[in-house]
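Residue-level structural notes
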Amino acid sequence: MPVEFLTDDQAASYGRYNGPPARAQLERFFFLDDTDKALVGRRRGDHNRLGFAVQLATVRYVGTFLADPVDVPSEVVDYLADQLGIADPSCVKQYSQRDTTHREHAGEIQRGYGLRDFAEVEAELSAWVDARSWTTGEGPKATFDGAVAWLRERRVLLPGVSTLARVVARVQGEAAQRLWDTLYGLVTDEQRRLLDLSLEVPDGDRTSRFDQLRKGPAAKPSGPQMVKALDRVSQIAELGVGGIDLGVVPARRVAELARYGLSGKAPALKRHPAQRRLATMLAAARHLEGKAVDDALELLDVLMVSDLLARAEREWNKEKLRRYPWVSKDAGKLAAAVQVLFEATEFGENLTVEQLWESIEAVVSRAELRAAVDKISDVAPPPGADPDGEWRAELSGRIATVRGFLPMLCEVIAFGATADGERVLAAMRTLPEVLAYRSRKLPGGQIPEGLIDADLVGGEWRRLVHRPGLPAGVVDKAGWVFCVLERFHRALRRRDVYAETSTRWRDPRAQLLDGPGWVAAKPAALNALGLPDDPDPLLAGHARLLDASYREVGGRLVVNTAVTVDADGRLHVQHIEAIPDPPSLIDLRRRLAAMLPRVDLSEVLLEVMAWQPQVLGAFTAASGGGTRLADLHVTIAAVLTAHALNIGYPPVMSSGIAALTRDRLSHVDQNYLRAETYAAANAPLIEAQTQIELAQAWGGGLVAAIDGMRFVVPIPTIHARPNQKYFGRRRGAQWLNMVNDQALGLGGKVVAGTPRDSLHTIDVIYSQDGGPRPEVIVTDTASYTDVVFGLLHLLGFSYRPQLADLPDQKLWRIDSAADYGPLNTAARGKVDLGAIRSHWPDILRVVASIHTGTVTAHDALRVLSRDGHATPLGSAVAAYGRIFKSLHVLSYIDDEPYRRDIKAMRNLQETRHDLGRHVFHGQKGELRQKYHTGMEDQLGALGLVLNCITLWNTVYLNTALEALRAQGYPVLEDDVARLSPFIRRHLNVHGHYSFHLPELRSGRRPLRDPDTAGDDEDS
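A short tour of the structure in this document, coming up. Keep in mind it's a predicted model, so treat the numbers as computed, not measured.

Per the secondary structure count, the protein chain includes 42 helices and 18 strands. Its C-alpha atoms put the protein chain at 135 × 80 × 65 Å along the principal axes. Residue pairs in contact within the protein chain that sit at least 24 positions apart in sequence constitute 77% of those at least 6 positions apart. Accessible surface, the protein chain as shown: approximately 46100 Å² in total, 51% of it carbon and sulfur. Here the protein chain contributes 122 positive and 130 negative side-chain charges, whose respective centroids are spaced 4 Å apart.

Our focus in this paragraph is the nonpolar core. Within soluble globular proteins, side chains that are nonpolar tend to cluster in buried spots. Counting 167 residues, the largest nonpolar core has Leu 823 and Ile 850 as the members making the most contacts within it. For this core, the element with the highest residue contribution is helix α41 (residues 932-966), accounting for 17 residues. Those residues within four positions of Leu 823 in sequence are excluded, and the remaining contacts are Tyr 550, Val 553, Gly 554, Leu 557, Val 565, Leu 571, Leu 890 and Ile 893. Grouped together as the second largest cluster of nonpolar side chains are 83 residues, Ala 229, Val 402, Leu 456 and Ala 499 included.

When strand β10 (residues 731-740) meets strand β11 (residues 745-752), the two strands line up antiparallel, connected through 7 bridges. Bridged to Ala 733 within β11 is Ala 752. Here β10 folds back onto β11, and the loop between the two strands holds 4 residues, one of which, Ala 743, carries a positive phi near 80 degrees.

Taken as a whole and judged by the stated rule, the model has 17 aromatic pairs. With centroids separated by 5.4 Å and ring planes inclined at 65 degrees, the aromatic side chains of Phe 29 and Tyr 61 adopt a geometry described as edge-to-face. Of the two residues, Phe 29 sits in helix α2 (residues 23-29) while Tyr 61 sits in helix α4 (residues 46-62), which places them 32 residues apart along the sequence. Assigned by exposure class, Phe 29 and Tyr 61 land together as buried. Seen from their ring centres, Tyr 766 and Phe 797 are 6.2 Å apart, and the 85 degrees between their planes marks the pair as edge-to-face. Taken as a pair, Tyr 766 in helix α35 (residues 761-766) and Phe 797 in the loop between α36 (786-794) and β13 (798-799) lie far apart in primary sequence, 31 residues in all.

Here we come to the layout of surface pockets. Considering only enclosed or pocket space, the second largest pocket measures out at about 1400 Å³ in volume. Around the second largest pocket, the lining is made up of 39 residues, and of these Arg 900, Lys 903, Ala 904, Met 905 and Asn 907 lie nearest the centre. Elements supplying a minimum of two residues to the lining of the second largest pocket: α33 (693-698), β12 (776-778) and α40 (896-919). Residues that form the lining of the second largest pocket fall into these classes: 23 nonpolar, 6 polar and 10 charged.

The next subject is the packing of α36 against helix α39 (residues 872-894). Axis separation between α36 and α39 bottoms out at 6 Å; the angle between their running directions is 80 degrees. In this view, α36 runs roughly perpendicular relative to α39, as classed from their interaxial angle. Here Asp 786, Val 787, Phe 789, Gly 790, Leu 791, His 793 and Leu 794 of α36 lie close against α39, whose contacting residues are Gly 874, Val 877, Ala 878, Tyr 880, Gly 881, Arg 882, Phe 884, Lys 885 and His 888. Taken together, the residues of the contact of α36 with α39 break down into 8 nonpolar, 5 polar and 3 charged.

Only a minority of non-glycine residues have a phi that is not negative, and only a minority of peptide bonds are not trans. A positive phi angle is found at Asn 646, which is not glycine, with a value near 60 degrees. Tracing the backbone shows Asn 646 in the loop between α30 (632-644) and α31 (662-672).

Attention now moves to the environment of Ala 567. Relative to the assigned elements, Ala 567 resides in the loop between β5 (563-565) and β6 (571-573). In this structure Ala 567 comes out as exposed when scored by relative accessible area, which is 79%. For the pair Ala 567 and Gln 511, spaced 56 residues apart in sequence, the C-alpha separation works out to 48 Å.

Attention now moves to the pattern of salt bridges. Per the stated rule, a full pass over the model turns up 53 salt bridges. Between Arg 551 and Asp 547 there is a salt bridge, with its nearest N and O atoms 2.9 Å apart. Of this pair, Arg 551 and Asp 547 are both found in helix α26 (residues 535-556), 4 residues apart, which corresponds to roughly one turn of the helix. Using a relative accessible area of 43% as the deciding quantity, one classes Arg 551 as partly exposed. In the salt-bridge network here, residues are joined through shared partners; they are Glu 298, Asp 301, Arg 493, Arg 504 and Arg 721.

Turning our eyes to something else, we now look at helix α8 (residues 140-153). Under the 1.5 Å per step criterion, the end-to-end length of α8 is 20 Å for 14 residues, consistent within 8% with the ideal 20 Å. Of the positions making up α8, those classed as buried are Pro 140, Lys 141, Thr 143, Phe 144, Gly 146, Ala 147, Val 148, Trp 150 and Leu 151. Looking one or two residues past α8, Arg 155 carries a phi angle of roughly 55 degrees, positive in sign.

Along the polypeptide, Arg 1008 turns up in the segment after β18 (987-988). A polar contact is formed between the side chain of Arg 1008 and the backbone oxygen of Leu 596, at a distance of 2.8 Å.

Cut-offs and rules
Residues numbered from 1 in each chain as written. Predicted model: local features only at pLDDT ≥ 70, side-chain atom pairs only at ≥ 80, totals over all residues. Heavy atoms only, no water. Helix = DSSP H or I, 4+ residues; strand = E, 2+ residues; numbered from the N terminus. Contact = heavy atoms within 4.5 Å. Areas by Shrake-Rupley, 256 points an atom, 1.4 Å probe, with all protein chains shown as cover. Lys, Arg positive; Asp, Glu negative; His and termini not counted. Charge placed at Lys NZ, Arg CZ, Asp CG, Glu CD. Core = buried A, V, L, I, M, F, W, Y, C linked by side-chain atoms within 4.5 Å. Buried < 20%, exposed > 50% of the residue type's maximum accessible area, 1.4 Å probe, protein only. Pairing = 2+ DSSP bridges. Phe/Tyr/Trp six-rings, centres within 6.5 Å; stacked < 30°, edge-to-face > 60°. 1 Å grid on protein atoms, 1.4 Å probe; cavity = no way out; pocket = protein on both sides within 12 Å on 5 of 7 lines; lining within 4 Å. Points joined across faces, edges and corners; volume = space filled by probe spheres on them. Nonpolar A, V, L, I, M, F, W, Y, C, P; charged D, E, K, R; others polar. Axes fitted to C-alpha atoms, helices over the stretch in contact; angles between N-to-C directions. Parallel < 35°, antiparallel > 145°, perpendicular 65-115°, else oblique. Salt bridge = Lys/Arg side-chain N within 4 Å of Asp/Glu carboxyl O. Expected span 1.5 Å × (residues − 1). Polar contact = N/O pair within 3.5 Å; in protein donor to acceptor, adjacent residues only side chain to side chain.

See below:
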């Protein structure tokens, strides 16, 4: 069987040396201990002893014996000869002259070290490959690498590359076939017929029904678009696969299969054998079911927030402006009359009503005053009325917008509700009957009061539902419909009402670990997080730490002139002045910028892929198979360039180059570039950065900042939201991303509009692409809440948001009787330890659910808060967070380096975003993707390209620093730590995109001469 799924790098490095081992590898695999030396010492002659040692170390390093035992790098021979005291390492050449000798030695090494032959474990390896293939769905290349590691761990001699590849390919094929057969067996003949029918292209159409169902709503939110979205949900439900239990197959395999089905074209799917085709269609249909519900409810949310509610408020504001001239005039008359009343009190108790009216009419006539009162009464809400009541009245006049889709909403989407949402959901289910109600006795806009749940009519809705002038027992239809719809929308956003089949609008409480699952997961999760079952010892330790911090910081406030506490207990800290750049740093930056080679962005990508072959290897086909495309790296680089620069295909296309034709670019884009391949490609970049001396000078990779990069989305889509501050009168999306202190992006998430970052911060951390997980998290002021403080510290992170609003921060104490001197007034809050103790079991369950990935942090936060207010469980988590928030504030005011480190991380991320905006320059820097997946894919490409630029810059800056040191230039370590990897003057992103990598000696471009290159300092 061919081994075409292996990359050239995998095949070349398998069972052989791939260049000289690094020093660390020599020390690990080639160091001879006393047992090794005793075994080597039995040989006669230096050449036999050295040859035996080479074979012994080689089998440890590459996992097998070589056909030519001395075909090894000279560094290996020299290292072993030095340990054996052999003066002439070249004597090893004599070792291979007698074939039987090295074969006998190989057998002795195998017996002496318990190395097993592959035949002994082939069945066991096949079982491992089968289990891994069944549960993970990873491609054959990754499984092949895992199989090599499995064999090495079990001291098994590696077989030939073809032998191992055949085992992996065979077992993976069998696992895939079992997956297809299992899913195929779950569908009935009728369901198979319907799924196959969805791949057919109806007469008069250009695409199949399945292709049409894959496209979600992307137009401007409206009533007709809601009808289309719900109709899509209904059509997918008609495939009849919603009730099939897919629990017999790992969820990850179903997701992988669904992804393949949704990315493939109908004609290609039709060509597959029946089992594979229908299994793929079943997985895709089930995914589409949840996706369609998500899209419909997302559209409803946008329609309510951005169209119905916002438009009604805008219309009412316009009406207020229209009324202003005459309302102002009438209000002036009333004000004049009231002023007379105030002045009349000075005339004493004998003032008569006639005298009072005489005084008023001297200012405004009684008739004018009556007319003014009548007009103002018509437009002014009654005392104590809801301030939003007036535009709600405007909203109730827009019933035509919702009349078309409301009867379908609860019919095609299965909703559930908590106890708090049951009545709202019940009322929502009666709206079709309300809208359809007709009676000769009542006008069209009125319904009997018996059709409504009067207890749901509160606040200003009472005036709109029970509109003045209606007969007894009759209510306003439009008022009631919008009363229910607004309450339903609010309950849906709180998840008091939820959609069972949705992924984004489901019940987060049902996703938490519970029952046997919680019992099974609890020990490992709590051990990993270092959390005890009994919170008392933990809380006692926190209390001692907080008390000591208050006393130490309070004691230093006497001499800390940068901090003051005002009479109200508000903290004030002097602004941190930027440390001026010393002349040495300015000159170093200028020289380094002038030394970096000029390069096109496209060539940066090709060069980085040449340095790190794992980057290209990460781009696997959606089908999981290997690629048969020549020059795949060229096409990948071109597609990444097109997406990251936001310029589309035309500028990177070339009809004369097979790898750069439009069809080739489109094929690779659809089949190789997706969220998981971007993450896999980022991992080796992150790892490579950690090995560079310059990056190590910037940090250890354990501190990370999270913030959003915002994009205007000028096209109609439900995945953008308005924000006047950032998008003007248009809508936009935000790319929330994380960067570590070595300047590499660790991951990101696309969210519509600019929601509070705290809802997504933890999810970004847990979706990290690679590298060590950060220990310290830095964000801006707007990203934190006390609940987030609590969750992050429970999850094992140190949370350090920048505090732009320090005077408004409230400090919390545990010991209410303690005397903290000048901090007494600031520490005016009391941490509720009782709430923490009473809710501790549920706190552990929520935290463990997040840590194990059972629930997203975004959904978990919905369990902890409602309408912006914490639930009792959320209050307990917030109480825990206040301990660490107070510790953070104390460190913030007491330690200037602490503040500077936070500011430095924020600046680092802002500089990366600035580079990102420079790169993403096409189409005015606007994001023009209609669908959320498209947004994630394009911004995923931007994140990967930014990491490639950062790594490239770091490598060349490091090389340039070495050259300057070698020339005797005084390089100060303090200056090195302040260098930026985001310089860009040498980087071309405009107009010219070369996808030919020149021959580079030692894999690097020559540096330029800083004294002749000109002033190329980056701004």
